[in-house]
Every structure is written in structure tokens, then in C-alpha cells.
Amino acid sequence: MRLRGPWLAGVGLTPFGRQPGRSVLDWQAVAAHDALDDAGVAPRQVDAVLAGYATTTGHLMPADLLAEHLGARPDIAYGMSVGGATGLAMVAAAARLIEAGDAEVVLVAAGEDRASGQSTDTSTRTLAQVGHREHEVPVGATVPAYYALLASRYLAEHGLEPADLAPFAVQMRAHAAAVDGAHFRSPITVADVGSSARIAEPLRLLDCCPVSDGGAAFVVTAGPPRDVGVRIAGVGEAHRHQHVSEADFDDFGARRCAGQALDRAGRGVSDIDIAGVYDSFTITVALLLEEIGFSAPGRSGADVAAGRFDRAGALPLNTHGGLLSYGHCGVAGGMAHLVEVVTQLRRAAGGRQVAGRPRTGFVHADGGVLSSHVSVVVEAA
Amino acid sequence: MRDWTQGVAQLVYQQCARCGHRWYLPRPACPRCAATAVERRRSTGIGTVVAVTTVHRAPAGGHHPPTPFGICLVELAEAVRVMGRCPTDLAPGDRVGVDFRDGVPRFAKRA
Ligand SMILES: [Zn+2]
């Protein structure tokens with residue numbers, strides 16, 4: 001039987017870090033060329049271009065801008081913006097365009113000079129605008145503060161301490177140690193997390209991802225790729241609130257989003273061999289893993305401390321180091337998880353390749369304050 | 001009925017005249033049933049802390065007092081959730097009341 005696509009035929013990922021000198025368009029183009037080369041596709045063969053927003057430029061037409069720059073002449077071009085979930089939302093849209101028969105070759109790209117293209121203060125103020133303009137932002141909240149509120153409620157509900165979230169930061173750093181191109185690679189301990197600078201308690205500096213420069217891209221095709229095939233088996237989304245003031249803390253949207261993607265793939269959480277879950281903060285990945293069902297409520301920190309999410313554990317998670325250590329350059333940050341899962345499914349991860357033959361991967365991202373959710377299930381053919 | 005964002009020192013929530021749903025962030029129509037018959041009501045400002053953070057890093061040029069300062073989410077007695085500032089000694093579960101000394105909602109423990 002010939003398996004159906006859509007296929008993730010090409011991936012591209014640049015190093016992340018503070019890397020001055022490239023513009024938004026440069027980062028997107030570098031990643032796009034890598035993904036096109038990986039897929040063996042020329043820019044003129046692309047019939048849809050989907051590009052993510054960038055906070056440093058805010059161009060009105062990012063997909064047209066990138067298409068012109070690359071020399072693509074697509075029939076379809078969308079700029080997209082759903083916060084940190086944008087990258088996976090573009091992959092989901094690409095899969096839908098292909099399933100609908102509207103495109104054969106879709107380029108998905110994002111990149112940003114988020115670290116070196118603006119000051120930290122400007123970046124923090126811009127990102128805080130995911131809060132409500134009149135009723136939340138004037139209180140003085142920032143994105144770390146919004147997530148700190150979620151962490152406060154989570155720790156109180158489960159009778160846990162801030163140190164119970166720290167093992168996520170430690171595990172992501174341990175993974176990044178083996179990854180060229182990661183923003184941070186020096187090992188850290190739970191004690192290091194607990195003695196790092198207070199940002200918005202209970203979150204400390206090492207509970208928070210860095211701000212990086214970089215880019216990522218995918219080529220999604222209707223036809224099978226030339227060599228190792230990874231197909232998109234299911235996608236799901238959920239968008240249930242924008243502002244933390246109106247979030248349903250028992251149903252942020254992750255469970256229904258993941259359930260939709262898994263159902264479409266004919267899979268359950270126990271079928272997943274490798275995962276990439278958004279980890280903008282330690283609390284983010286804890287809440288997502290528990291709501292999706294990869295860990296019992298209140299137990300994800302204990303699971304990561306016990307090695308469950310290690311490269312050699314039962315469910316290898318963010319084996320590239322995640323946002324917490326590979327880094328976070330905006331939309332492309334949430335795409336790096338999928339690049340890594342595809343690389344592992346292709347058994348092309350070299351020294352950091354997970355053991356066994358991973359066949360089914362799951363990737364999830366959120367945007368805002370657990371506001372937008374997208375899940376993608378991928379299978380090695 | 002104006003609220004603290006419009007210069008009047010009070011918390012105002014909305015209630016749908018058709019389905020009874022209540023909410024805080026203002027809209028012209030009910031987000032549950034879309035009815036446009038919506039009442040604005042004054043809250044007592046009394047409630048329970050759901051979550052709290054002490055902010056130590058805040059950007060220059062933002063809306064905030066000198067660091068460190070507290071931010072909390074409070075479930076009001078009227079069953080709507082509000083974000084405000086607070087002292088740094090609050091914990092989830094504390095009973096609090098509101099004032100507007102900073103020009104924004106500020107919650108503190110009730111005596
Ligand atoms: Zn209603």
C-alpha cells in the first residue's frame with residue numbers, strides 16, 4: 001500500500017542564539033533554502049508560501065516578501081500570526097491545502113532577529129501585548145508574569161514547590177549539550193535554577209527560555225519525498241481564550257487539540273515514540289504534558305526528574321534542547337521541535353539519535369498565555 | 001457605568017440579560033449566547049486570590065511600579081476573574097478586597 005501524504009519532505013533549521021548581522025528576511029531565506037534543498041525542490045516549484053510574523057519588523061505581507069526574495073511565484077501566500085503556535089499552525093494549514101488539492105508543494109518559513117534586532121525592553125513590552133490592552137497590560141504584567149500566574153496556581157493546586165519545575169530546565173539543557181547550534185549548552189542543576197535571578201516568582205531566569213536570533217522552515221508536499229519519508233498523519237487546533245483573565249484553567253485547549261490530531265492519525269498518547277512540546281517556560285511544558293495526558297496531573301516534574309523525558313527515557317522530549325536551551329527566536333522557535341522530531345524519525349540525528357526505531361512523533365505548540373494550540377502527529381513511512 | 005480604566009475607582013463586570021452569563025473583559029454582546037442585552041454592574045471588589053506573582057524584572061517604558069511588585073488574579077464574589085496589583089505577601093486562597101490607590105485595581109488581605 002502506498003501511504004498517503006501530506007509529506008514533510010524538507011526541513012531547515014539554523015543555529016539559534018545572539019547572532020547579529022542577519023535581518024528577518026535573511027533568517028527566513030536561509031532556513032527556507034535549507035528546507036528546499038533537503039526536499040530537492042526549487043523555489044519555482046513552490047505553489048504556496050506560508051510565512052510567520054516577526055516582532056522586529058511587523059511587515060504586512062511576510063509571505064509575499066519571502067516569495068519574491070526566493071524567486072518563488074506561488075499561487076497562494078499567507079502571512080500567519082497565532083503567537084508561538086504559528087509555526088505548527090502553518091504546517092497544519094499546509095497539510096490542509098494539500099489535502100484539499102489546492103497545492104502540491106508548500107513552503108513554510110519563519111525567522112527573526114529577535115535578540116539582536118531590538119532591545120530586551122522593547123521585546124518584553126511587545127510580547128506583553130498578548131495581554132488585554134485596557135484591563136491587564138496597565139497592571140504591569142509581562143509574558144513571564146502571565147506564566148508565573150499559571151505557575152502559582154499550578155503549584156498551589158498540587159502542593160508543589162518551584163523546585164519541582166526546575167528539572168525541566170535541567171533536562172532541556174542536558175539535551176542541548178549534544179546539539180550544535182543550541183543557544184545554551186553548559187549543564188545546569190536544579191540548584192542552579194533555584195539560585196538564578198528572580199524574574200516573576202515563582203519563575204526564575206533558568207525557568208525562562210532565552211530570546212534568540214534564528215530561523216526554521218519546512219517543505220510540505222503532496223507526493224512522497226525522494227528518500228526517508230515522514231508524513232503528517234494528523235493535525236489539531238484549539239483556540240479557547242486570548243487573555244489569562246478568561247482562561248479555563250481546567251481546559252486550556254491542549255487536550256482537545258492533541259486529541260483531534262491523535263484521532264485523525266488513529267493514534268493515542270501511548271503510541272507516541274518521541275515528542276516535542278512547547279517549553280517557553282518550565283511551567284508551560286508541565287501544564288501541556290499534563291493536560292495532553294503524557295503525565296498525570298501534578299506529576300510531570302517528577303517524571304522529568306526520573307528520566308522519563310530524557311533522550312534515553314520512555315518518551316524522549318525536546319531532544320534538541322527545546323526553547324529553554326536550543327532557544328527561542330519567535331515563530332521559528334516552536335518549529336524547531338518539529339524539525340527535531342522529523343530528524344529523529346529519519347534516524348538522522350547522529351550522536352543524539354534516540355535508541356530503537358521511533359515511528360510516531362507528536363509535536364505541540366501554544367501561543368499567547370496557553371491561548372492558541374496546535375498539535376501535529378508525524379509518522380515515519 | 002464607567003470603571004477604573006475610564007477614571008472611576010471601581011470594578012465593573014457585565015451580565016447577560018438573556019442567559020445570565022457574567023464576564024469582566026468588556027464586550028458589546030454576550031460571549032456565550034450573543035445577546036446584546038447586557039448589563040454593567042459594580043463589583044464589591046471582594047474575592048479570593050487564584051494566583052499571584054512577584055515581578056522582579058519589568059521593562060523600562062512599561063506600565064509598572066518600581067520592582068519588586070505583586071500581580072494577582074482574583075476570583076471576585078460575583079464569579080468573574082480580575083487581574084490586579086498586590087503586596088508581595090499574598091498566596092492563592094487568601095480573601096482580598098480592592099482599592100485603586102495606584103490607579104489600577106490593587107488587592108490586599110481583608111482584615
Ligand atoms: Zn448570554
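Residues numbered from 1 in each chain as written. Chains lettered and ligands numbered in written order. Predicted model: local features only at pLDDT ≥ 70, side-chain atom pairs only at ≥ 80, totals over all residues. Heavy atoms only, no water.

Q: Any details on the domain arrangement of chain B? Residues and values, ideally.
A: Often the size quoted for an interface is simply the accessible area lost on bringing the parts together. Residue and element names in this part refer to chain B. We note that the domain assignment places domain 1 (4–42) and domain 2 (46–109) within chain B. Spacing between the C-alpha centres of domain 1 and domain 2 amounts to 21 Å. Contacts between the two partners involve 8 residues from domain 1, matched on the other side by 11 residues from domain 2. Taking both partners together, domain 1 and domain 2 bury about 820 Å²; carbon and sulfur atoms supply 80% of that area. Counting every contact that joins domain 1 to domain 2 gives 0 salt bridges. Our count for the domain 1 to domain 2 interface comes out at 1 residue pair in polar contact (both at pLDDT 80 or more). Counted by class, the side of domain 1 that touches domain 2 contains 6 nonpolar, 1 polar and 1 charged residues. (Domains from an automatic or database assignment. Contact = heavy atoms within 4.5 Å. Buried area = accessible area lost by both parts, 1.4 Å probe. Salt bridge = Lys/Arg side-chain N within 4 Å of Asp/Glu carboxyl O. Polar contact = N/O pair within 3.5 Å; in protein donor to acceptor, adjacent residues only side chain to side chain. Nonpolar A, V, L, I, M, F, W, Y, C, P; charged D, E, K, R; others polar.)

Q: Go over the coordination of the zinc ion, please, and point to the residues and values.
A: Residues and elements named next belong to chain B. For the zinc ion, the full set of protein donor atoms is Cys 16 (SG), Cys 19 (SG), Cys 30 (SG) and Cys 33 (SG), at a range of 2.3 to 2.4 Å. Considered as a linear motif, the donors of the zinc ion on their single chain read C-x2-C-x10-C-x2-C. Highlighted residues: Cys 16 in strand E1 (residues 12–16) and Cys 30 in the loop between strand E2 (22–23) and strand E3 (38–42), separated in sequence by 14 residues. Of the two residues, Cys 16 and Cys 30, neither departs from the other in class, the shared state being buried. (Donors = N, O, S within 2.8 Å, 3.2 Å for Na, K, Ca; no water. Helix = DSSP H or I, 4+ residues; strand = E, 2+ residues; numbered from the N terminus. Buried < 20%, exposed > 50% of the residue type's maximum accessible area, 1.4 Å probe, protein only.)

Q: Account for the interface of chain A and chain B, naming residues and giving values.
A: At the interface, 32 residues of chain A touch 32 residues of chain B. When the buried area of chain A at its contact with chain B is split by residue, His 135, Val 139 and Leu 149 of chain A rank highest and sum to 26% of it. At the surface where chain A touches chain B, the tally comes to 1 salt bridge. If you look at where chain A meets chain B, you find 15 residue pairs in polar contact (both at pLDDT 80 or more). Listed by contribution, the elements that provide at least two residues to the side of chain A that touches chain B are helix H4 (120–128), helix H5 (143–158) and strand E5 (198–201) of chain A. Residues of the side of chain A that touches chain B, tallied by class, amount to 16 nonpolar, 8 polar and 8 charged.

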